[in-house]
Structure formats: C-alpha cells, structure tokens
Amino acid sequence: AGDIHHTGFCADDYRAAFEQARQLAARGLVGEIGHLNHYARADEADGVGQADAYFREVVRGLPGPVSTSNSAAVLRHAGLAAGTQWVRPGLALYGASPFADRSAAQLALRPAMSLHSQVVGIQRVRAGAGVGYSGAFVAPATMDVGIVTCGYADGYPRHAPTGTPVMVAGVRTRLLGRVSMDMMAVDLDPIPQAAIGSPVTLWGADGPPVEEVAMAAGTIAAQLLTGLSARVPVALAGAAR
C-alpha cells in the first residue's frame, strides 16, 4: 500500500493501540482520538487509491475524525479528501505544485513567497575568463556579469548550476558558476539596461517558479521554501522590502 514507515502503527497493531488511546482519553490524560494517515506516494498517479482503501478498512467502524491528505492528495484526489474531517495541505499553501508534470499555474496556485535581492556589482568578463570559485563557468565571449547579494548562507541552494533561472529587472536570465556564501553571479547579456541596484527575483510571483529553481538544483520546492536562513529580511505583501 506504499508504507512510509516514519511513525505510527502498522495495520495489525492499530486497533489495539487505538483502544489504549481511548482508555487514556477516558482517564483525562489525552484529548480527542482520531486517525491520521500519510500517503508515501501521493504525488504519483497511482499512489493513493490502494493505500487509501487499506487505511479506510483498518479504521472502519472506529470513532473519531480522519485526516489523510497532503497537498498532492488534495489536488489529485479531491473526492477522497472531501470524505475526511481534516486535510493537511503544505506545499500548496505556498502556491507551489507538488507534481513534476503540472505547474502551479496549471493548478491555479499563486506563489505566496518570493525571494528578492539586487545587483550590487557588474563585472566585464573577457572571453576565456572564469567566474566564481574554481572558474566553474568560463565566459565564451566578453560579457557582463552581475553580482547579486544572496548565497547559500541565506538558504539559496549552493548546488544550483549554471543555467538556473533568475529574473533581473523583469528579464529572465541565468545563474553563472557556483553560488558562494553571500553572493552569486548572473548573466547580464540579455539585460543591457541592468545597473547597480537593479531588482532581482530568485523565485516567486514576478520571477521563476520555485519548482523550476528546485528542479535545476536537483532538489524540491519544499526544501527551498522552508530553508531560508534567519538573516533573510522578511516583508509582508505590500510592505517595503
């Protein structure tokens, strides 16, 4: 049924554990007792049906509210989610898609978090010169490179490669070379109007989707959205950045 084996009880032990929990509730030691299941493969087309049927059979006839569905299950199996008292959307609340084959826009989700920075330096790099640590990117021709104040100490993925999408002054461009602790380099050739102070969106509403950045970096959107460090300033929507 796609067991995840993180916490909880296996099917054979479940009813006995539930009865013990009810005894604790009768003594006033715990509150309401319910049933929680977490799908191991909810983002896959066939990852919910069998697991859900198995869970429903295990809890059949037992009192208490039921909670099952994460973002993927809510979006892909709304009928099953509607049959429970609680759902647990996570990634979808950030406005990101849990699916590799469907974008947030296709799901009518809007980004709830954007990561912004700015250009603080512009380097004219000659053909054959390296950019960043170890010269991980070598300029194929003379080009302008922008230095952006964001790095892995802020929670941006260090392993994001050259080509990871970035938005500078409203124009889509790419990351160059290795992300360092406090800064990164971006390609300014598509943006001749770029200057010191030009706004940069690393992901979010007016930049590349966080899922696309995560895919380029070989990770998932949830890691990026939850991985920003405490030193990143936070501004609510409509407030000054």
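Residues numbered from 1 in each chain as written. Predicted model: local features only at pLDDT ≥ 70, side-chain atom pairs only at ≥ 80, totals over all residues. Heavy atoms only, no water.

**A look at the overall build of the chain**
For the chain, the count of helices and strands is six helices and ten strands. Its C-alpha radius of gyration of 23 Å places the chain more than 25% over the 18 Å reference for a compact globule of 241 residues. The principal-axis extent of the C-alpha atoms belonging to the chain is close to 75 × 35 × 35 Å. A sequence separation of at least 24 residues applies to 58% of the contacts in the chain between residues at least 6 apart. Surface summary for the chain: the accessible area is close to 13400 Å², and the carbon and sulfur share equals 54%. Between the centroid of the 18 positive side chains of the chain and the centroid of its 19 negative side chains there is a distance of 4 Å. (Helix = DSSP H or I, 4+ residues; strand = E, 2+ residues; numbered from the N terminus. Rg over C-alpha atoms; globule rule 2.2 N^0.38 Å. Contact = heavy atoms within 4.5 Å. Areas by Shrake-Rupley, 256 points an atom, 1.4 Å probe, with all protein chains shown as cover. Lys, Arg positive; Asp, Glu negative; His and termini not counted. Charge placed at Lys NZ, Arg CZ, Asp CG, Glu CD.)

**Description of the packing of aromatic side chains**
Throughout the structure, instances matching the rule amount to one aromatic pair. For the ring pair Tyr156 and Trp203, a centre distance of 6.3 Å and an interplane angle of 20° mean the geometry is stacked. Here the residue Tyr156 occupies a position in the loop between β6 (143-148) and β7 (165-168), and Trp203 occupies one in strand β10 (residues 199-203), the gap between them amounting to 47 residues. A single burial state applies to Tyr156 and to Trp203, both of which are buried. (Phe/Tyr/Trp six-rings, centres within 6.5 Å; stacked < 30°, edge-to-face > 60°. Buried < 20%, exposed > 50% of the residue type's maximum accessible area, 1.4 Å probe, protein only.)

**Some remarks on the nonpolar core**
In terms of nonpolar packing, the biggest core is built from 28 residues, with Tyr156, Val168, Leu202 and Trp203 touching the most fellow members. Secondary structure elements with two or more residues in this core: β3 (115-125), β7, β9 (184-187), β10, α5 (210-216) and α6 (221-226). Discounting residues that sit within four places of it in the chain, Val168 has contacts with Val119, Thr173, Val186, Leu188, Ile191, Ser198, Pro199 and Val200. Counting residues in hydrophobic clusters, the runner-up holds eleven residues, among them Tyr39, Ala42, Val48 and Leu107. (Core = buried A, V, L, I, M, F, W, Y, C linked by side-chain atoms within 4.5 Å.)

**Regarding the pattern of salt bridges**
Following the criterion strictly, the structure yields ten salt bridges and no others. As a salt-bridge pair, Glu212 and Arg172 come within 2.2 Å of each other at their nearest N and O atoms. Of the two residues, Glu212 is situated in helix α5 and Arg172 in strand β8 (residues 171-176); the sequence distance between them amounts to 40 residues. We classify Arg172 as partly exposed; its relative accessible area is 44%. (Salt bridge = Lys/Arg side-chain N within 4 Å of Asp/Glu carboxyl O.)

**A few points about a nonpolar patch on the surface**
Among the surface-exposed residues, Leu24, Leu29 and Val30 lie close enough to one another that they form a single nonpolar patch of about 240 Å² accessible area. With respect to the helices, strands and loops of the structure, Leu24 is situated in helix α1 (residues 11-26). (Patch = residues over 30% accessible without salt bridge, like charges linked within 9 Å, V, L, I, M, F, W, Y side chains within 5 Å.)

**A word on the packing of α1 against helix α2 (residues 49-59)**
The interhelical angle for the contact between α1 and α2, taken along N-to-C directions, is 35°, at an axis separation of 10 Å. In the crossing of α1 with α2, the sense of the turn from one axis to the other is right-handed. Across the interface between the two elements, Ala11, Tyr14 and Arg15 from α1 touch Tyr54, Glu57, Val58 and Val59 from α2. Partitioned by chemical class, the residues of the contact of α1 with α2 number five nonpolar, no polar and two charged. (Axes fitted to C-alpha atoms, helices over the stretch in contact; angles between N-to-C directions. Left-handed = near helix turned anticlockwise from the far one by under 90°. Nonpolar A, V, L, I, M, F, W, Y, C, P; charged D, E, K, R; others polar.)

**Some details on the side chain of Thr201**
Within the secondary structure, Thr201 sits in strand β10. On the basis of relative accessibility, which here comes to 6%, the residue Thr201 falls in the buried class. For Thr201, the side chain forms a polar contact with the side chain of Asp206, separated by 3.2 Å. With residues up to four places along the chain from it excluded, the contact list for Thr201 reads Leu115, His116, Val166, Met167, Asp206, Gly207 and Pro208. (Polar contact = N/O pair within 3.5 Å; in protein donor to acceptor, adjacent residues only side chain to side chain.)

**Re α2**
Where α2 is concerned, the buried positions are Ala51, Asp52, Phe55, Val58 and Val59. The buried side chains of α2 occupy one side of the element, clustering within an arc of 125° when seen end-on. On the buried face of α2, the contacting elements are α1, β1 (35-36), β2 (66-67) and α4 (78-82). Backbone geometry just downstream of α2 places Gly61 in the positive-phi region, at approximately 85°. (Arc of directions from axis to C-beta.)

**Remarks on unusual backbone geometry**
The phi dihedral of Ala108 is positive, around 60°, even though this residue is not glycine. By secondary structure assignment, the location of Ala108 is in the loop between α4 and β3. Located in the positive-phi region is Ser134, a residue other than glycine, with phi close to 65°. In this structure, Ser134 sits in the loop between β4 (130-131) and β5 (137-138).

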